[in-house]
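Working through the structure, step by step
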Amino acid sequence: RVGAAGAALGESVVVRVRDASNNAVAGVEVAFAVETGGGSLGVALDTTDANGLATTTWTLGTLAGTQSISATIAGGITTTVNATANAGVASQVIVSTQPLSTEAGTPIPTFAVRVADAFGNTVTSFTDAVTLASQDGAGVPVSVITAGASVNAVAGVATFGATTISTAGTFRFAATATGVGSIIT
């Protein structure tokens, strides 16, 4: 099972209860519970139907990665269902490493921004350009970047290692990712 972080899985979670002879058992209460990753369930308790099936829906938690729920019947018999939550749609740019001070004409020490979904998960499929624009301390655009103003993201992260400014002073950068938005560092 794979879905977007914070979204409902496209299919219901269905478990089957069987007896020792492998026959479906109707009328058994199944308790569903979120174990890891957060999220929520459509129902926490369901009773098996004539085919021994109990069903719930699952909305994944907001963090990307492996998540799990359990289904338990009387006597403590439990099974675990896992799903992978992937980052959702790219919707924001987040500073990963702040740019540090440097002298005019020298490259700024390496800094990075990442493209993330609404929950802050890095969108590893994002490989488009991320571009820097400079501003003075008051946020007014100024043209002081002389090199390294645009790089392509790798696995959702844009690393700037050759950005050079031409003028001494205090500046901020607006990092803009194609089709996503920007952030001021």
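Look up: the structure comes first, before these words.
Scope of this entry: the structure provided in the associated data block. For every chain, the first residue of its written sequence is number 1, and the numbers climb from 1 along that sequence. Totals for whole chains, interfaces and linings use all residues, but because this is a predicted model, local features are given only for residues with pLDDT of at least 70 and pairs of side-chain atoms are given and counted only at 80 or more. Side-chain metrics rest on all non-hydrogen atoms present in the structure, leaving aside hydrogens and water.

**Digging into the overall build of the protein chain**
To keep things clear, this is the line we draw: Secondary structure follows DSSP: runs of H or I at least 4 residues long count as helices, runs of E at least 2 residues long count as strands, and numbering of each begins at the N terminus. Radius of gyration: C-alpha atoms only; globule rule: 2.2 Å multiplied by the number of residues to the exponent 0.38. It only takes one pair of heavy atoms within 4.5 Å for two residues to be counted as in contact. Just so you know, the count uses Lys and Arg for positive and Asp and Glu for negative, and it drops His and the chain ends. A charge is said to be at NZ when it belongs to Lys, at CZ for Arg, at CG for Asp and at CD for Glu.
Within the protein chain one finds zero helices and 18 strands. In terms of C-alpha radius of gyration, the protein chain reaches 25 Å, well past the compact-globule figure of 16 Å for 185 residues. Overall, the C-alpha framework of the protein chain stretches about 80 × 25 × 25 Å when taken along its three principal axes. Counting contacts in the protein chain only where the partners sit at least 6 residues apart, residues at least 24 apart contribute 55% of the total. Averaging the positions of the 5 positive and the 10 negative side-chain charges in the protein chain gives two centres separated by 3 Å.

**With respect to the pattern of salt bridges**
Note the threshold: One side-chain nitrogen of Lys or Arg within 4 Å of one carboxyl oxygen of Asp or Glu is enough to make a salt bridge.
Under the definition given, this model contains one salt bridge. With a closest N to O distance of 3.3 Å, E11 and R1 form a salt bridge. Of this pair, E11 sits in the loop between β1 (2-4) and β2 (13-16) while R1 sits in the segment before β1, and the two are ten residues apart along the sequence.

**As for the layout of surface pockets**
Selection criterion: Using protein atoms alone on a 1 Å grid, points that fit a 1.4 Å probe yet trap it form a cavity, whereas open point sets bounded by protein on both sides within 12 Å along at least five of seven lines form a pocket; residues with an atom within 4 Å of a point count as lining. Grid points are joined across faces, edges and corners, and a volume is the space filled by probe spheres set on the points. For this classification, the nonpolar set comprises Ala, Val, Leu, Ile, Met, Phe, Trp, Tyr, Cys and Pro, the charged set comprises Asp, Glu, Lys and Arg, and every other residue, Gly included, is treated as polar.
For the largest pocket, the calculated volume is near 240 Å³. Around the largest pocket sit 14 residues that line it, and L100, S101, T102, G169 and F171 are the ones nearest its centre. Among the elements that take part in the lining of the largest pocket, strand β17 (residues 171-177) stands out by supplying three residues, more than any other. When the residues that make up the lining of the largest pocket are grouped by side-chain class, the tally is eight nonpolar, four polar and two charged.

**Thoughts on the sheet that holds strand β11 (residues 111-116)**
Test applied: For two strands to be treated as a pair, DSSP must find at least two bridges joining them. For helices, the axis comes from a line fit to the C-alpha atoms of the stretch in contact; other axes are also lines fit to C-alpha atoms, and the angle between any two N-to-C directions lies between 0 and 180 degrees.
With antiparallel pairing, the three strands of this open sheet are ordered in space as β10-β11-β15. Bordering the open sheet on either side are β10 (92-97) and β15 (157-160), each of which pairs with just one other strand. The mean angle between the axes of side-by-side strands here comes to 25°, regardless of whether they run parallel or antiparallel. Looking at chain direction, β10 and β11 are connected through five bridges and run antiparallel.

**Considerations on the pairing of β2**
The criterion, for reference: Summary of the burial criterion: residues with accessible area below 20% of their type's maximum are buried, those above 50% are exposed, and those between are partly exposed, where the area comes from a 1.4 Å probe applied to protein chains only.
Only one face of β2 is buried: it carries V13 and V15, and the other face, with V14 and R16, is open. Note that β2 and strand β6 (residues 53-56) share four bridges and pair antiparallel. In the strand pairing of β6, R16 is matched with L53.

**Here we look at the side chain of T56**
How we decide: A 3.5 Å cut-off defines polar contacts: any pair of N or O atoms within that distance qualifies, except that in protein one atom must be a possible hydrogen donor and the other a possible acceptor, and neighbouring residues in sequence count only when both atoms are side-chain atoms.
Looking at where T56 falls in the secondary structure, it is placed in strand β6. A distance of 3.4 Å separates a polar side-chain atom of T56 from the backbone nitrogen of G42. Look past the residues within four positions of T56 in its chain and what remains in contact with it is S12, V13, F32, L41, G42 and V43.

**Concerning the sheet that holds β1**
In a beta sheet, neighbouring strands pair by backbone hydrogen bonds and run either parallel or antiparallel. The strand order across the open sheet built from five strands is β1-β9-β8-β3-β5, with neighbouring strands paired in mixed fashion. In this open sheet, the two edge strands, each paired with only one partner strand, are β1 and β5 (45-47). Neighbour-to-neighbour, the strand axes of the sheet open up by a mean angle of 35°, direction not taken into account. In this structure, strand β3 (residues 29-36) lies alongside strand β8 (residues 65-73), joined through five bridges in antiparallel fashion. The partner of T36 across the bridge, within β8, is S68.

**Focus on the environment of L63**
Along the chain, L63 falls in the loop between β7 (58-59) and β8. Those residues in contact with L63 that lie beyond four places of it in its chain are A5, A85 and N121.

**Here we look at the packing of aromatic side chains**
As a reminder, the rule being used: Each pair of aromatic rings taken from Phe, Tyr and Trp, with Trp reduced to its six-membered ring, is defined by centres within 6.5 Å and is described as stacked if the planes are under 30 degrees apart, edge-to-face if over 60, and tilted in the remaining cases.
Inspection of the entire model under this criterion finds two aromatic pairs. A ring pair is formed by F111 and F160, whose centres lie 5.3 Å apart and whose planes are at 20°; its orientation type is stacked. Within this pair, whereas F111 is found in strand β11, its partner F160 is found in strand β15, the two being separated by 49 residues in sequence. For F111, a relative accessible area of 1% translates into the label buried. F160 gets classed as buried once you look at its relative accessible area, which sits at 0%.

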